[in-house]
Amino acid sequence: MSMRFIAVFVLALAGASLAGAQAGDHSHDAHHDHHDHSASAKMEPLQRPADGGKWATDEPLRQGMGELNEAFGQHHRAFEDGEFDSRSAAELADVINDRVNFMFANCGLPAEPDAELHKLLAAAVGAAVKLRESDDAHDGLHQLHQVLRTYGSYFEHPGWDGR
């Protein structure tokens, strides 16, 4: 892991904590649209490849992001059904951290897409922090949703449904 990544990662975590603290207290009903909430989901902007397309992926990245996407879907359904509590939020945070660690350990992307991926993974870890620390776990769910949507927009992943 490069020193540049560690610096970006630490800054992203600090930014996620500050963004959560600045978001203030607000409530959400179970059918709240996740696209309304840009203030609570700060993420460092990603760059596209020079050809304007999407970055290539490898199998460990596709596997890790696919598992994150599946976990998000299950927990989001629980949220919509009014069954998402602090225990569920902690479980999802554990999955996020586990999958991010898996991707760090196994992903072998070239330098440029790897740097862009690190921005997404830092935001995913920020979502895990929000899930554990926020009084409103919806903020963490929303940030993870943004990570997943951004991933599908910037990385080539055949069959990606991007919840």
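Bear in mind the structure is a predicted one, so any value in this text is a computation, not a measurement. (Residues numbered from 1 in each chain as written. Predicted model: local features only at pLDDT ≥ 70, side-chain atom pairs only at ≥ 80, totals over all residues. Heavy atoms only, no water.)

1. Description of the packing of helix H2 (residues 59-80) against helix H3 (residues 86-106)
Angle between the axes and distance between the axes: these two values describe a pair of packed helices. One can describe the packing of H2 onto H3 by two numbers: an axis separation of 9 Å at closest approach and a directional angle of 175 degrees. Regarding the angle of H2 to H3, the classification is roughly antiparallel. Contact residues: Pro60, Leu61, Gln63, Gly64, Met65, Glu67, Leu68, Ala71, Phe72 and His75 in H2; Ser88, Glu91, Leu92, Val95, Ile96, Arg99, Phe102, Met103 and Asn106 in H3. Its residues assigned to classes, the contact of H2 with H3 shows 11 nonpolar, five polar and three charged. (Axes fitted to C-alpha atoms, helices over the stretch in contact; angles between N-to-C directions. Helix = DSSP H or I, 4+ residues; strand = E, 2+ residues; numbered from the N terminus. Parallel < 35°, antiparallel > 145°, perpendicular 65-115°, else oblique. Contact = heavy atoms within 4.5 Å. Nonpolar A, V, L, I, M, F, W, Y, C, P; charged D, E, K, R; others polar.)

2. So, the confidence of the model for the protein chain
In regions of low pLDDT, the predicted coordinates are not meant to be interpreted in detail. Residues of the protein chain with pLDDT of at least 70 account for 73%, and the chain-wide mean is 79. Note on residues 1-41: pLDDT under 50 across the span, and 52 contacts to partners over four residues away in sequence or across chains. (pLDDT = per-residue confidence, 0-100.)

3. Topic: the packing of aromatic side chains
For the coordinates displayed, the defined rule picks out three aromatic pairs. Taking the centre distance of 6.4 Å and the plane angle of 75 degrees together, the rings of Phe79 and Phe84 count as edge-to-face. Given the relative accessible area of 12%, Phe79 is considered buried. Owing to a relative accessible area of 13%, Phe84 belongs among the buried residues under this scheme. Aromatic pair Tyr151 and Phe155: ring centres 5.5 Å apart, planes at 15 degrees, arrangement stacked. Of the residues examined, Phe155 reaches a relative accessible area of 1% and is grouped as buried. Among the aromatic residues, ring-to-ring pairing joins Tyr151, Phe155 and Trp160 into one connected group. Sitting over the ring of Tyr154, Arg48 keeps its end group 4.1 Å from the ring centre. (Phe/Tyr/Trp six-rings, centres within 6.5 Å; stacked < 30°, edge-to-face > 60°. Buried < 20%, exposed > 50% of the residue type's maximum accessible area, 1.4 Å probe, protein only. Lys NZ or Arg CZ within 6 Å of the ring centre and 35° of its normal.)

4. Some words on the pattern of salt bridges
A complete count under the given rule lists six salt bridges for this structure. Note that Glu67 and Arg99 form a salt bridge whose closest N and O atoms lie 2.5 Å from each other. Residue Glu67 is located in helix H2, and its partner Arg99 is located in helix H3; the two are separated by 32 residues in the primary sequence. The class for Glu67 is partly exposed, based on a relative accessible area of 31%. Residue classification places Arg99 among the buried residues on the basis of a relative accessible area of 12%. Note that Glu116 is salt-bridged to Lys119, the shortest N-O span being 3.0 Å. Of the two residues, Glu116 and Lys119 are both situated in helix H4 (residues 111-133); the distance of three residues between them amounts to about one turn of the helix. A single network of salt bridges, built from pairs that share partners, joins Glu67, Asp98 and Arg99. (Salt bridge = Lys/Arg side-chain N within 4 Å of Asp/Glu carboxyl O.)

5. Overview of the environment of Tyr154
Secondary-structure assignment places Tyr154 in helix H5 (residues 138-154). The exposure class of Tyr154 is buried, given its relative accessible area of 19%. The spacing of Tyr154 and Gly52 is 102 residues in sequence and 9.5 Å in space, taken between C-alpha atoms. Setting aside residues up to four positions removed in sequence, Tyr154 forms contacts with Leu46, Gln47, Arg48, Lys54 and Trp55.

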